[in-house]
Every structure is written in structure tokens, then in C-alpha cells.
Amino acid sequence: MRKAVDVRSLTKRYKVPVKQEGIGGALRGILRPEYRVNEAVKGIDIGIEPGETVGFIGPNGAGKTTVLKMCSGILSPTSGYVRILGHEPSLRKREYLRQISFVMGQRSQLWWDIPAIDSFALNRDIYEIPEKRFRQRVNDLSSALSVRSLLSVPLRNLSLGERMKMEIIGSLLHDPKIVFLDEPTIGLDLTSQRSLRSFVGEYSRSGETTIMLTSHYMEDIVTLCRRIIVINEGRIVYDGSLEEAKRRMGGGQIVKVRFASLPEEEWLDQRRDVLMSCQDYDFTFRLERERVPDFIASTGRWMPVDISVEEPPIEDTIERLYGKENPHAEVT
Ligand SMILES: Nc1ncnc2c1ncn2[C@@H]1O[C@H](COP(=O)(O)OP(=O)(O)OP(=O)(O)O)[C@@H](O)[C@H]1O
């Protein structure tokens, strides 16, 4: 089957003007501007099947938005191959644009001074959505996101969370086959984040839409994406499941123990390398998974009253994936 996203050896270089110091420098900058090249994307390959929801993550400046912009046709690649649903995005053919949507959490695509419903009507005309279908879509989506009563309120009078919901509705009215979601939950309070997340989860479950999602909130990624693609400094450093990432990155397990009596110094000294913190009778250790059973057995002498074994937080795994020292960095 044809891939929804087919990206090969994709690169993007930005030409950035170099600021020269002082008034003389500013003048020289006007007369003879100098540029440096910023290689934002350094030859990446991505393949996404129709209906997949993929988390596209990476630290600030890694190249995520640049890639999404090339996939949606906002930017042309410097070199490489991009086909989205079989189309070359940079040609911006109408037939292609009707099948995609690009939601940017940091930028509104709806009109600020008019109610969302009026902006939606504009989308209806642009995308030639039949009136009946349009009404049904607006009803269904606004009900699912609990903003039906706000459709006639000017956008600028809505909260950030409500505005974002309207953005999402606007982006889905024309039933796009692929949706690029660039940080849709950025800046939202926890309730709005949760509500958007559950909506996107429901939406993606039908398997009819391919979703490429970037977010710095790991909760979004963990909840919505079985597969993650990690980009760092313009290169893909991981492509696979979250579970596999955790396994590869190690990080062990966290063992929390509350002792009834304090362990002897000697016992503790032998475990300093795995001791993370202690307060009164509560101790936290971090050990390789294989060592956990023996370790727990060894605590018996000090009469632990409570022991729990936890997985390290997902942020921890992700940071290791981002880390330059990542010894396993490779594409699966
Ligand atoms: N229009 C531009 N002109 C020059 N350089 C740019 C431009 N847009 C982005 N860059 C640079 O390209 C690199 C990748 O930026 P990009 O916005 O794609 O990263 P990102 O992963 O989306 O980051 P963030 O998580 O902070 O949004 C960065 O070094 C950035 O400074």
C-alpha cells in the first residue's frame, strides 16, 4: 500500500543573515549582506502508513516544524524526496491541499474578530464542503469538544483552550486524510490539555486519518502515539515504539523503600552508587532491572514496611534519546 508519508534523504538549509556589529557593520549589512547557512534538516527518512498516529518529537530547534512545513508544502526542501499521499507538497496542488490539515498551536488560522462559525463558513467555501455535510461536521465536532455554545462568540473573547478547540474543528471540517498537529496543547491548562488529548485519541482510533503530532508534553505522546520518531539536530535518532525506546535506553527501575529501622552504614555504603535520595526512613534507589530482586531481598534485614518498584518517568527515556551521548542512536 502507498505510504501516507514518504520522506527520503530530506534536507533543509536556511540562509540566515549575519548581523555585523556597530553602525558601520549595519551599513555593510545593507550594502553587502553576509549569510551563514543553518542546516536544519540533515537527510532524514520517514515512512508512515495510512491511519497511523505518530509522535514526532525532539528538543527545541531539532527541526520538527521545518519537517512538518516541508510535508505540508509551506516550505520547499533544499534536497530530497517528499511524497504525502502520493503528492509532492511543494507544488501545493489543490487536490493535495484538500486532503491535508496543518494545525499550529502557536498560530491561529481562524479570524480573530469574528465568531468561529463564520471562519468555518469560509473554510466550507474554500473546500467546497456541501452545506448539509458542513452543518453535520460542525455539530459533531463542536459537541465532541464541548464548544457548541461558543460557536457564535468572537474568537478573541474565547479562552486559549476554547480557541484551540475551534482551531481543531476548523482543521477537520473538510475530512483531511492527514493532519499535521504541531504542539496543539501548548500553553493550555491541564483540563484543556486532557480534553483535547482525549478528542484526538477518539478521532485517531477510527484509523481513517493519519496524524503526525509534535508536542513537548510527553503525556500527549504517551497517550496518543504507539510509535515515536525522534529528531535531534536535524537527524532522526530513533524510530520505533515507546516500549522499545525504554528498553534500549535502559534507565533501570526505581525502588522506594520505607524502613522500620535505619539500615547500617555498611549496608548503605555498598549501595551508594544506586541511592538517589533519602529522607528520614524513606529511601529511593535506582537499579538495573536484573538487580532489583536481589536488592529487595537484601533490604529484609532492615524490616522495610513499604516497598514499591516503579518505571522511571518517560521524560527520562526521552531525554536519554535526545542526549548526544546516546550510545544506541540509530534508526530501527
Ligand atoms: N525561517 C527560518 N530561518 C532560519 N532558520 C530557521 C528558520 N526556521 C527555523 N530555523 C532554524 O532551524 C532549526 C530548526 O527549527 P525548527 O523550528 O524546525 O525546530 P523545532 O524542532 O520545531 O523546534 P521547537 O520545538 O523549538 O519548535 C533551528 O535551528 C531554527 O533556528
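Residues numbered from 1 in each chain as written. Predicted model: local features only at pLDDT ≥ 70, side-chain atom pairs only at ≥ 80, totals over all residues.

1. A word on the overall build of the chain
Helix and strand content of the chain: 12 helices and 13 strands. Summarising its shape, the C-alpha atoms of the chain cover approximately 75 × 55 × 50 Å along the three principal directions. Buried residues in the chain amount to 32% of all 332 residues. The long-range share in the chain, meaning contacts at least 24 apart out of those at least 6 apart in sequence, stands at 74%. (Helix = DSSP H or I, 4+ residues; strand = E, 2+ residues; numbered from the N terminus. Buried ≥ 20, exposed ≤ 12 C-beta atoms within 10 Å, placed from the backbone. Contact = placed C-beta atoms within 7 Å.)

2. Some thoughts on the sheet that holds strand β2 (residues 35-48)
Judged by pairing direction, the sheet is antiparallel, and its 3 strands sit side by side in the order β2-β1-β4 without closing on themselves. Strand pairing shows two members of the sheet lacking a second neighbour, β2 and β4 (79-84), which therefore form its edges. With direction set aside, neighbouring strand axes in the sheet form an average angle of 30°. Together, β1 (5-17), β2 and β4 form the strand contacts of helix α2 (residues 64-72), whose direction differs from that of β1 by roughly 115°. (Pairing = 2+ DSSP bridges. Axes fitted to C-alpha atoms, helices over the stretch in contact; angles between N-to-C directions.)

3. Observations regarding the site of the ligand
Taken together, Tyr-14, Val-16, Asn-38, Ala-40, Gly-58, Asn-60, Gly-61, Ala-62, Gly-63, Lys-64, Thr-65 and Thr-66 make up all the residues around the ligand. Elements with a contribution of two residues or more to the shell around the ligand: β1, β2 and α2. Top element by residues in the shell around the ligand is α2. It accounts for 3 residues. Class assignment for the residues of the shell around the ligand results in 4 nonpolar, 7 polar and 1 charged. (Near = placed C-beta within 6 Å. Nonpolar A, V, L, I, M, F, W, Y, C, P; charged D, E, K, R; others polar.)

4. With respect to unusual backbone geometry
Its identity is not glycine, yet Arg-92 carries a phi of approximately 50°, on the positive side. Relative to the elements of secondary structure, Arg-92 occurs in the loop between β4 and α3 (94-97). Positive phi values are uncommon outside glycine, yet Glu-128 reaches one of about 55°. Relative to the elements of secondary structure, Glu-128 occurs in the loop between α4 (116-127) and α5 (131-144).

5. Description of the sheet that holds strand β12 (residues 282-287)
The antiparallel open sheet is built from 4 strands, whose spatial order is β11-β12-β10-β13. Edge positions in the sheet fall to β11 (275-279) and β13 (304-310), since each of these pairs with one other strand and no more. Taking the axes of each pair of neighbouring strands and ignoring which way they run, one obtains an average angle of 15° across the sheet. For β11 and β12, the ladder comprises 4 bridges, and the chain directions are antiparallel. For Gln-279, the partnering residue across the bridge sits in β12 and is Asp-282. The strands touched by helix α11 (residues 292-299) within the sheet are β10 (253-259), β12 and β13, with β10 carrying the most contacts at an inclination of about 5°.

6. Some words on the environment of Thr-11
Its place among the elements puts Thr-11 in strand β1. The residues contacting Thr-11, other than those within four sequence positions of it, are Val-41, Lys-42, Gly-43, Pro-77, Thr-78, Ser-79 and Gly-80.

7. Considerations on helix α6 (residues 160-172)
The end-to-end C-alpha separation of α6 is 19 Å, in line with the 18 Å expected for 13 residues at 1.5 Å each. Most of α6 sits out of view: 10 of its 13 residues are buried. Those residues of α6 that sit buried are Arg-163, Met-164, Lys-165, Met-166, Glu-167, Ile-168, Ile-169, Gly-170, Ser-171 and Leu-172. If you follow the buried residues of α6, they end up packed against β5 (100-104), α4, α5, β6 (178-182) and α7 (190-205). (Expected span 1.5 Å × (residues − 1).)

8. Considering the domain arrangement of the chain
Taken domain by domain, the chain comprises domain 1 (5-99 + 176-247) and domain 2 (252-311). Each of domain 1 and domain 2 was reduced to a C-alpha centroid, and the two centroids are 42 Å apart. (Domains from an automatic or database assignment.)

9. Quick look at the nonpolar core
Residues Ile-169, Met-212 and Val-230 are the most contacted members of the largest nonpolar core, which totals 62 residues. Other than its neighbours up to four places away in sequence, Val-230 contacts Ile-57, Gly-58, Ile-236, Val-237, Tyr-238 and Leu-321. (Core = buried A, V, L, I, M, F, W, Y, C linked by C-beta atoms within 7 Å.)

10. Overview of the UniProt feature "domain: ABC transporter" (unreviewed entry) in the chain
Here the UniProt-annotated "domain: ABC transporter" (unreviewed entry) positions come out as residues 18-258. As annotated, residues 18-258 comprises 39% helix and 24% strand, and the C-alpha atoms at either end are separated by 58 Å. (UniProt positions renumbered as here; feature names shortened; annotations may be inferred.)

11. Focus: the packing of helix α9 (residues 242-249) against helix α12 (residues 314-322)
Look at α9 against α12: their axes get within 10 Å of each other, and the N-to-C directions meet at 70°. When the axis of α9 is compared with that of α12, the two are roughly perpendicular. Across the interface between the two elements, Leu-242, Ala-245, Lys-246 and Met-249 of α9 pack against Ile-314, Thr-317, Arg-320 and Leu-321 of α12. (Parallel < 35°, antiparallel > 145°, perpendicular 65-115°, else oblique.)

12. So, the confidence of the model for the chain
Predicted confidence across the chain gives a mean pLDDT of 90, with 97% of residues reaching 70 or more. Here residues 324-332 is a poorly scored stretch, pLDDT under 50, and it has 9 contacts once near neighbours within four places are set aside; other chains count. Across the whole predicted complex the pTM is 0.84, and at the interface the ipTM reaches 0.97. (pLDDT = per-residue confidence, 0-100.)

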